[in-house]
Amino acid sequence: MLPDNLREHPVAAAVEAFDADAVTGGKYDREELTLETPPAKIVSVCGFLKYDRKFVRLSTVTAVDRYPAEPRFEVVYHLHSVEPCQRLRLKCRVRGEDPVIESVTSVWRSADWYEREVFDLFGIKFVNHPDLRRILLPEGWEGHPLRKDYPVTGARV
Amino acid sequence: MSAPETPEPMGAAAEAAPPELGPRRMVLNMGPQHPSTHGVLRLVLDLDGENIVNSQLDIGYLHTGIEKEFEVKTYQQAVTLTDRVDYLAPLSMNLGYCLAVEKLLGLEIPPRAQWMRVMLTELTRLNSHLVWLGTHALDIGAMTVFLYCFREREDILRIFEMFSGQRMMTSYFRIGGLALEPPRGWHERLKKFIGVFPSRIDEYEDLLTKNRIWIGRTRGVGVISLEDMLDLGVTGPMLRAAGLKIDSRKDEPYSSYELFDFEVPTRTASDVYARYQVRMEEMRQSVRIVRQAMDGMPSGPWKAADQHVVLPDREKMKTQMEALIYHFKIVTEGFRVPEGEVYQAIESPRGELGFYVVSDGGPKPYRVHMRTPSFGNLQAVPKMVEGTLIANVIASIGSMDFVLGDTDR
């Protein structure tokens with residue numbers, strides 16, 4: 001459900017018109033639009049935004065660990081449309097136990113490395129990713145450093 | 001990671017490569033210690049003779065976990081981390097981070113601080129482009145340009161030292177304004193530099209622009225289409241060299257860039273030579289911006305008035321109890337930032353630099369993500385060098401102007 005104060009916003013309204021179940025929440029805060037999407041819908045929503053709303057660029061994909069809250073992870077996508085200059089944040093909440101989400105590499109090829117980074121540092125798996133491996137850390141590394149339960153210093157136990 | 005004698009092709013390349021390589025096929029490991037990769041980038045090239053069939057990039061050798069480190073530093077302490085990401089454009093990094101946090105705080109920055117920021121980030125752009133030009137030319141075989149560029153870079157570093165006390169890791173922009181009052185005599189010093197610098201750009205152009213060897217090595221090399229670049233996450237001068245007029249300073253102005261008069265140079269050839277032309281023109285435009293900032297520098301305070309965020313003046317601390325208390329509070333526990341999240345994009349010398357800062361209301365960032373331009377740009381390397389000669393790889397990756405610290409964070 002789109003919050004009432006966002007109905008005026010053209011992009012938010014367009015996404016809801018495209019698929020009423022695709023928006024589960026959102027906000028317009030500090031001149032930035034955030035829309036929340038169920039993980040199952042992410043590829044179709046991204047495809048719609050890229051081809052119908054000119055969000056030709058995927059700026060970045062990252063995640064936020066809300067440990068110990070559940071669903072634990074937020075996967076965050078920053079989209080950018082060049083003409084007109086517009087930005088949009090998409091958010092998917094993913095559970096903490098064996099986190100999985102569909103890859104958007106089929107929509108933007110740039111998602112390849114961005115998703116590998118999230119996989120590497122948060123341990124979130126991207127289904128249908130062409131080459132899901134660690135990217136920043138060595139292959140044999142244990143654990144995912146940007147998780148909140150991963151210590152900053154000291155020996156890992 | 002132990003390096004096997006013949007490196008195994010990785011990931012998709014391993015599947016794509018035929019099980020038996022013919023007599024002309026070989027897999028070549030370039031880097032991570034190759035001098036022309038400017039840092040520790042490893043390229044695994046699948047070759048047919050001298051032609052590149054396929055390539056894979058291996059990054060991460062310089063990963064330092066800076067995003068994790070942000071979460072245990074107070075907001076103000078974390079400024080020093082940003083310098084170390086893109087160490088050739090430290091002030092751009094400072095600016096991106098400070099703007100993001102200031103957006104969360106809703107902090108008003110006085111005009112003098114904003115103009116100082118514009119002036120110094122443009123000097124940083126000159127600094128970064130000079131290192132790029134010098135090393136890029138050196139890779140292609142033009143040795144002299146390197147020495148010329150570093151001569152001028154030295155002047156810029158001395159100016160940074162004058163302002164901040166540091167040549168490279170300046171940390172001169174702080175949340176709320178600047179770290180120190182601009183030093184006495186900065187105007188004369190800068191005027192002298194900016195007076196001669198345009199003639200130096202002419203000197204570099206004399207050495208390269210019509211140089212037959214330079215043109216032969218760069219024109220028509222490393223061509224990649226605009227659509228591919230947008231899709232692969234490339235930003236900055238690379239896009240502008242393909243004809244797209246995209247620049248955050250114009251499209252979504254920050255730190256009062258809207259008050260400055262400058263052009264966004266573009267070319268359409270999208271080859272190494274076009275990127276060279278774009279960056280040279282950008283240097284001239286940066287000089288224009290620095291001149292305007294110098295001449296029109298507003299007077300007034302150089303840091304915001306919010307006493308909860310900005311440290312009080314030394315004089316006030318000695319005479320006012322309240323100022324001393326605020327100083328103590330800010331230094332010992334930092335300031336609290338309202339809950340929320342922002343994404344602030346700026347135009348760094350390399351492209352779109354974005355800071356995604358999430359606050360949970362505490363004195364330390366809950367999460368900071370850096371969208372660094374080098375990381376996005378490097379994804380285009382395999383597409384760019386596919387089917388070309390191995391000698392062109394050096395020119396192609398040099399034209400991207402990446403910094404490995406910026407890639408690996």
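Remember, predicted model here, so these are calculated numbers, not experimental data.

(A) Region of the structure containing the sheet that holds strand S2 (residues 42–48) of chain B. Residues and elements named next belong to chain B. Strand order in the open sheet made by the three strands is S1-S2-S3, with antiparallel pairing throughout. Of all strands in the sheet, those bounded by a partner on one side alone are strand S1 (25–30) and strand S3 (51–58). With direction set aside, neighbouring strand axes in the sheet form an average angle of 20 degrees. By the bridge criterion, seven bridges tie S2 to S3 in an arrangement that is antiparallel. What sits directly across from Asp46, in S3, is Asn54.

(B) Representation of the confidence of the model for chain B within the structure. Residue and element names in this part refer to chain B. On average, residues of chain B carry a pLDDT of 88, and 94% of them reach 70 or more. Considering only residues more than four positions removed or in separate chains, one finds that residues 1–5, a stretch of pLDDT under 50, has two contacts. Across the whole predicted complex the pTM is 0.89, and at the interface the ipTM reaches 0.92.

(C) Here's a closer look at the pairing of strand S5 (residues 86–94) of chain A. Residue and element names in this part refer to chain A. With three bridges joining them, strand S2 (residues 32–36) and S5 adopt parallel strand pairing. Note that in S5 the partner of Glu36 across the bridge is Lys91. Taken together, the nine bridges between strand S4 (residues 73–81) and S5 define a ladder with antiparallel strand orientation. Bridging from a neighbouring strand, Glu74 pairs with Arg93 of S5. The turn joining S4 and S5, which pair antiparallel and follow one another in sequence, is formed by four residues.

(D) Summary view of helix H4 (residues 90–105) of chain B. All names here are of chain B. The end-to-end C-alpha separation of H4 is 23 Å, in line with the 22 Å expected for 16 residues at 1.5 Å each. With 15 of 16 residues buried, H4 lies mostly within the body of the structure. Immediately downstream of H4, the backbone of Gly106 shows phi near 70 degrees, a positive value.

(E) Quick peek at the sheet that holds strand S1 (residues 25–29) of chain A. Residue and element names in this part refer to chain A. Pairing is mixed in the open sheet, where five strands are placed in the order S1-S2-S5-S4-S3. Each end of this open sheet is capped by a strand with a single partner; those strands are S1 and strand S3 (57–65). Recorded for the sheet is a direction-independent mean angle of 20 degrees between the axes of neighbouring strands. With five bridges connecting them, S1 and S2 associate as antiparallel partners. Of the residues in S2, the one forming a bridge with Gly25 is Glu36. Contacts from helix H1 (residues 10–18) reach S1, S2 and S5, with the element oriented near 15 degrees to S2.

(F) View of helix H2 (residues 42–52) of chain A. Residue and element names in this part refer to chain A. Here H2 has its buried residues at Ile42, Val45, Cys46 and Leu49. Burial along H2 is one-sided: seen end-on, the buried residues are contained in an arc of 95 degrees. Across from the buried face of H2, at angles greater than 90 degrees, the exposed residues are Tyr51 and Asp52. The inward-facing, buried residues of H2 contact H1, S4, S5 and strand S6 (100–102). Where H2 terminates, the next one or two residues include Lys54, which has phi positive at roughly 65 degrees.

(G) Spatial organisation of the interface of chain B and chain A. With 33 residues of chain B at the contact, the number on the chain A side is 31 residues. Among the secondary structure elements, those contributing two or more residues to the side of chain B that touches chain A are helix H1 (11–16), helix H2 (66–70), helix H9 (226–232), strand S6 (340–348), strand S7 (351–359), strand S8 (367–371) and helix H15 (373–378) of chain B. Of the residues that constitute the side of chain B that touches chain A, the class distribution is 13 nonpolar, ten polar and ten charged.

(H) Structural view of unusual backbone geometry. All names here are of chain A. Backbone torsion omega between Tyr67 and Pro68 reads 5 degrees, so that peptide bond is classified as cis. In this fold, Pro68 is placed in the loop between S3 and S4. Note that the residue after Glu83, namely Pro84, is joined by a cis bond; omega there is 0 degrees. Even without a glycine there, the phi angle at Asp98 is positive, about 50 degrees.

(I) Structural context of the environment of Val403(B). Here Val403(B) lies in the loop between helix H17 (390–398) and helix H18 (404–408). Beyond its immediate stretch of four places on either side in the chain, Val403(B) contacts Gly39(B), Asp86(B), Tyr87(B), Leu88(B) and Ser374(B).

(J) Quick peek at the nonpolar core. The biggest cluster of nonpolar side chains holds 151 residues, and the ones touching the most others in it are Val75(A), Val118(A), Ile124(A), Val101(B), Met229(B) and Val357(B). Broken down by element, the residue count for this core peaks at 14 residues, all from helix H5 (residues 111–140) of chain B. Ignoring sequence-local partners within four residues, the contact set of Val118(A) consists of Val61(A), Thr62(A), Ala63(A), Val75(A) and Ile124(A).

Rules used in this analysis
- Residues numbered from 1 in each chain as written.
- Chains lettered and ligands numbered in written order.
- Predicted model: local features only at pLDDT ≥ 70, side-chain atom pairs only at ≥ 80, totals over all residues.
- Pairing = 2+ DSSP bridges.
- Helix = DSSP H or I, 4+ residues; strand = E, 2+ residues; numbered from the N terminus.
- Axes fitted to C-alpha atoms, helices over the stretch in contact; angles between N-to-C directions.
- pLDDT = per-residue confidence, 0-100.
- Contact = placed C-beta atoms within 7 Å.
- Expected span 1.5 Å × (residues − 1).
- Buried ≥ 20, exposed ≤ 12 C-beta atoms within 10 Å, placed from the backbone.
- Arc of directions from axis to C-beta.
- Nonpolar A, V, L, I, M, F, W, Y, C, P; charged D, E, K, R; others polar.
- Core = buried A, V, L, I, M, F, W, Y, C linked by C-beta atoms within 7 Å.

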